[in-house]
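Notes for the structure review
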Amino acid sequence: MKNITVIDYGMSNLHSVIKSFQKVSNKKYKVCVATTNEDLKKASMIVLPGQGAAKSCMQKLTTNFPRLHEHILNKPFFGICLGFQILFERSYEDNGVDCLSIIKGSVNDFSKQISQDLKVPHMGWNNVEQKKDHAIWSNIPRTSFFYFVHSYYASAESKEDISSTTTYDIDFTSSVIKDNIFACQFHPEKSSKYGLQLISNFITWSESLK
Amino acid sequence: MSVAKRIIPCLDVDKGRVVKGINFIDIVDAGDPVEIAKKYDKEGADEITFLDITASHEGRDNILGVVEQVANEVFIPLTVGGGVKSFSDVRDLLSAGADKVTINTAAVANPDLINEVTDKIGRQCIVVAVDIKKSKEQYNVYTHGGRHKTQLDAVNWCLECQARGAGEILLTSMDKDGTKEGFDNEILSEISNKLSIPVIASGGAGSLQHLYDAISQGKADAVLAASIFHFGEYSITQAKDFLRDKGVFVR
């Protein structure tokens, strides 16, 4: 049976991510958890969720999954929240940390950029504005609400990589798509029906990649 | 552009069952948390809050089962509170599938608990519930479900919670709770203006106008209500339409 493998590096609550993929894949896939590099070899698709700080996330990933970079480039990959941010070149959280440099651009502090009246973290439902016609957005209206929780935002340099943007005083990159990679700042596993639709679209798209 | 104002229905859970007369005609089992949560998700609730009111110690584990069942079926943020005493209580609820946990009495008794959760798990998952009542000179904070008066001043306590790392404040006016007269927008706006974290208004919702007032006058980031939704007086959809017509950014 094919595996959807969710990476566990001990920093985030995987419950909803696992359950949402289970629900959507409808028993066609086995949803399992990877704690070592070995576990990733067997994966048909890789999901990297994440909460918390970028620095400790990068540290744990490089220690526990030394060949993660290679796997991300070679298998259908879905990054969520921190799993989206670490794809960029650098995050400026905690005085800065180098990330995977798969997507050109950086991750910056909201509180330095936006009006004092707006609260940080950017938490709650906000509009995701699609920038690309792509199978990943199938059956999701061009502008739709998704659920966000984050204090740092990503700016992708290349327009080619940007799948959607969102406005919180400033426009930021809310999802990217490149080759076999889709990753988003928001939480599809907490975004009700369009979130589940997105996960379902990802699975369908992944199947077409082979 | 800001983030959408949230509408949050709140469900009281006793020994694993939703209580306090939920009144939906199209629900077969009005005590089933999963069915009710599904219904609210479908109507467009932005989040759901479960308050465990189980009195007996033995019944308390039921809430974990409820959270798990709901989290398996409903994919919107879930907040759970009631009787949370320690870091391990918080961790157990999060592992069961809750996204946020509210603490009240335990936060007053041991404010370091807020720091502990924030440091270990992150500030987004901790909501401090603050029950307040007006006295002559100030608003006092109450604990133990409103039975114990403390000498803490509401504004100062909320600021302290924020400094310790709370992700949100759930502010309940005990003077207004259950009255259906509207929220206490005066203290709400004072606290919301002073804080940089979101404030959820609770206590007093009797009409859709009240929800609007809590957002426009009270500067609330979210409104929590129980009875106006449970008894079918208004649906979440109606509340959203009403607010949208008045120019509020809602989902």
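Our subject is the structure listed above.
Just so it is clear, the structure is predicted and the values come from calculations on it, not from any experiment.

The subject of this paragraph is the interface of chain A and chain B. Contacts between the two partners involve 27 residues from chain A and, on the opposite side, 35 residues from chain B. Carbon and sulfur atoms supply 57% of the area that chain A and chain B bury against each other, a total of about 2,500 Å² over both sides. Broken down residue by residue, the surface that chain A buries against chain B is led by Lys-119, Met-123 and Trp-125 of chain A, which jointly contribute 29%. Run the count over chain A and chain B and you get three salt bridges. Salt-bridge contacts for Lys-190 of chain A lead to Asp-99 of chain B; the nearest nitrogen and oxygen are separated by 2.7 Å. At the surface where chain A touches chain B, the tally comes to 12 residue pairs in polar contact (both at pLDDT 80 or more). The element best represented in the side of chain A that touches chain B is strand E8 (residues 122-130) of chain A, accounting for six residues.

Turning our attention to helix H3 (residues 54-64) of chain A. Because an α-helix completes one turn every 3.6 residues, residues spaced three or four positions apart along the sequence face the same direction. All names here are of chain A. Taken residue by residue, H3 has Ala-54, Cys-57, Met-58 and Leu-61 as its buried positions. One side of H3 carries all its buried residues, which in axial view fall inside an arc of 95°. Next to the buried residues of H3 lie strand E1 (3-7), strand E3 (45-48), helix H4 (68-74), helix H5 (82-85), strand E5 (90-91) and strand E6 (97-98).

Regular strands place side chains that alternate from one sheet face to the opposite one. Residues and elements named next belong to chain B. Here strand E5 (residues 100-103) shows no split at all, with Lys-100 and Thr-102 on one side and Val-101 and Ile-103 on the other all buried. Note that strand E4 (residues 78-81) and E5 share three bridges and pair parallel. By the bridge assignment, Thr-79 is partnered in E5 with Lys-100. Where E5 and strand E6 (residues 126-134) come together, three bridges link them in parallel fashion.

Attention now goes to unusual backbone geometry. Across residues other than glycine, the phi torsion is negative in most instances, and most of the peptide bonds are trans. Residues and elements named next belong to chain A. The step from Val-120 to Pro-121 runs through a cis peptide bond, and the omega angle for that step is 5°. With respect to the helices and strands, the residue Pro-121 is situated in the loop between strand E7 (105-109) and E8. The phi torsion at Asn-95 lies on the positive side, around 65°, for a residue other than glycine. Here Asn-95 shows up in the loop between E5 and E6. Its identity as a non-glycine residue notwithstanding, Ser-192 has a phi of 55°, on the positive side. Structurally, Ser-192 is set in helix H6 (residues 192-209).

One pass over the full model with this rule turns up 16 aromatic pairs over all chains. Ring centres of Phe-145 of chain A and Phe-249 of chain B lie 5.5 Å apart, and the angle between their planes is 40°; on these two criteria the pair is classed as tilted. Taken as a pair, Phe-145 of chain A in strand E9 (residues 143-150) and Phe-249 of chain B in the segment after helix H10 (236-245) lie in two separate chains rather than in one. For the pair shown, Phe-145 of chain A and Phe-249 of chain B are each scored as buried. One residue, Lys-246 of chain B, lies across the ring of Tyr-212 of chain B, its end atom 5.0 Å from the ring centre. A cation over a ring is seen here: Arg-251 of chain B above Trp-125 of chain A, with NZ or CZ 3.6 Å from the ring centre.

Parameters at a glance
- Residues numbered from 1 in each chain as written.
- Chains lettered and ligands numbered in written order.
- Predicted model: local features only at pLDDT ≥ 70, side-chain atom pairs only at ≥ 80, totals over all residues.
- Heavy atoms only, no water.
- Contact = heavy atoms within 4.5 Å.
- Buried area = accessible area lost by both parts, 1.4 Å probe.
- Salt bridge = Lys/Arg side-chain N within 4 Å of Asp/Glu carboxyl O.
- Polar contact = N/O pair within 3.5 Å; in protein donor to acceptor, adjacent residues only side chain to side chain.
- Helix = DSSP H or I, 4+ residues; strand = E, 2+ residues; numbered from the N terminus.
- Buried < 20%, exposed > 50% of the residue type's maximum accessible area, 1.4 Å probe, protein only.
- Arc of directions from axis to C-beta.
- Pairing = 2+ DSSP bridges.
- Phe/Tyr/Trp six-rings, centres within 6.5 Å; stacked < 30°, edge-to-face > 60°.
- Lys NZ or Arg CZ within 6 Å of the ring centre and 35° of its normal.

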